[in-house]
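Observations on the model geometry
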Amino acid sequence: MQIYNEYLHQFVLLRDALLPFANWEEVPFEVKEYSEFKGLRFLEPIREVFLTQLLGKKLTHKSIVQYAQGVVSSGLNVAGYGFQYRLGTVLPAGLGESARTAALYLLKWHPVQTIAANETQDVIAVSFDYEYDDYYAAPRVEAGKGTPLKEDIFSFSGENYDEPIIARLLPNYGTDRTTLQFSIEMDEHEFSVDLGQLFRGQRFMYRPHRSGNAGTSFPQRNTISSHFAADILSHSGLVTNKDDIHFIATGGNELVLWALLGKLYPENVVLLDKGDPEELEAAYVSGKGYGTQFLLL
């Protein structure tokens, strides 16, 4: 009976160890031999901390990453938004997915080494940090007035991204921290945004849902301006504005959409699906309901 109970407990430990991962069935990790632990019982201390945060509703994205680092025995003591270890790279699950449907908090294992080691070195373990650890203190720049809009229906028109857009990850690492830049080439120009800020923007964005604002009155905001995505991406720092509503068309290109999520200050950004009158009406009362609002389509 005791052997059977231990067998079940090992499966429970394995189940909980893979909770942070969207592609949990693919994640490889080492099970080392310990004199004081049997099988997966070496996971019990970090599992206890993780479940306490989860059940206490105090679980942050950083806590999820820290737990995942412990599960795969990365040897890392600090956590960012992702990391590399001996058997691959772990990043938020949104990478390579649609921003509209990607999981907000799960992670995904990739069978690659993002930071290459020297020929004389073993594969290095590294934590990927945000460029702006505290985005409240990040430098901000105003988007400007843009072009006034009066239409009741928004569309993908305005920018055409039929030409292939090249995207790549550019590592920037030093002795104390490592960051990754999401770089895209469009309109014969190259724009870069912090990869961590890109995922942060996706987690904090809003969707047009009327149900959560039923019976709530928001001040009317009639001024709507349109901006080109390339103009927004050309700014340094994070882009925001004092007031009004600002619409940015992506031409239906997911790479452009992800880049904008990493460039806009993640406070009142609403991601549209169609841009029809019904959706716009719901979008106007989504988010905080005051201050400047950015609509992405």
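Below, the structure is looked at part by part. Since the model is a prediction, treat every value here as computed from it, not as a measurement.

Scanning the chain for helices and strands turns up seven helices and 14 strands. Classification of the 297 residues of the chain by burial places 44% in the buried group. Of all intrachain contacts in the chain linking residues separated by at least 6 positions in sequence, the fraction that spans at least 24 positions is 70%. Total accessible area on the chain stands at roughly 15,900 Å², and carbon and sulfur atoms take up 53% of it.

Strand order across the open sheet formed by five strands is E6-E10-E12-E14-E13, with mixed pairing between neighbours. Looking along the sheet, the strands with just one partner apiece sit at the ends: strand E6 (147-149) and strand E13 (269-271). Each strand of the sheet is rotated relative to its neighbour by a mean of 30°, with strand direction disregarded. One ladder, built from three bridges, connects E6 with strand E10 (residues 224-227); its direction is antiparallel. Residue Leu149 lies in a different strand from E10, and its bridge partner there is Ile224. Its contacts with the sheet put helix H6 (residues 254-263) on strand E12 (245-248), E13 and strand E14 (293-296), and the angle it makes with E14 is roughly 165°.

The next subject is the packing of aromatic side chains. Across all of its chains, the model carries nine aromatic pairs by this definition. Between the aromatic rings of Phe83 and Tyr85, the centroid separation amounts to 6.0 Å while the plane-to-plane angle is 50°, which identifies the pairing as tilted. The exposure class of Phe83 is buried, given its relative accessible area of 0%. With relative accessibility at 3%, the residue Tyr85 sits in the buried group. Ring plane angle 70° and centroid distance 6.1 Å describe the contact between Phe199 and Trp258, whose orientation is recorded as edge-to-face. Pair noted here: Phe199 is in helix H4 (residues 195-204) and Trp258 is in helix H6, with a separation of 59 residues, a long-range link. There is no split in this pair, since Phe199 and Trp258 are both buried. Grouping aromatic residues by their ring pairs yields a cluster made of Tyr81, Tyr130, Phe199 and Trp258. Positioned over the ring face of Phe204 is Arg203, at 5.8 Å from the centre of the ring.

What counts, and at which threshold
Residues numbered from 1 in each chain as written. Predicted model: local features only at pLDDT ≥ 70, side-chain atom pairs only at ≥ 80, totals over all residues. Heavy atoms only, no water. Helix = DSSP H or I, 4+ residues; strand = E, 2+ residues; numbered from the N terminus. Buried < 20%, exposed > 50% of the residue type's maximum accessible area, 1.4 Å probe, protein only. Contact = heavy atoms within 4.5 Å. Areas by Shrake-Rupley, 256 points an atom, 1.4 Å probe, with all protein chains shown as cover. Pairing = 2+ DSSP bridges. Axes fitted to C-alpha atoms, helices over the stretch in contact; angles between N-to-C directions. Phe/Tyr/Trp six-rings, centres within 6.5 Å; stacked < 30°, edge-to-face > 60°. Lys NZ or Arg CZ within 6 Å of the ring centre and 35° of its normal.

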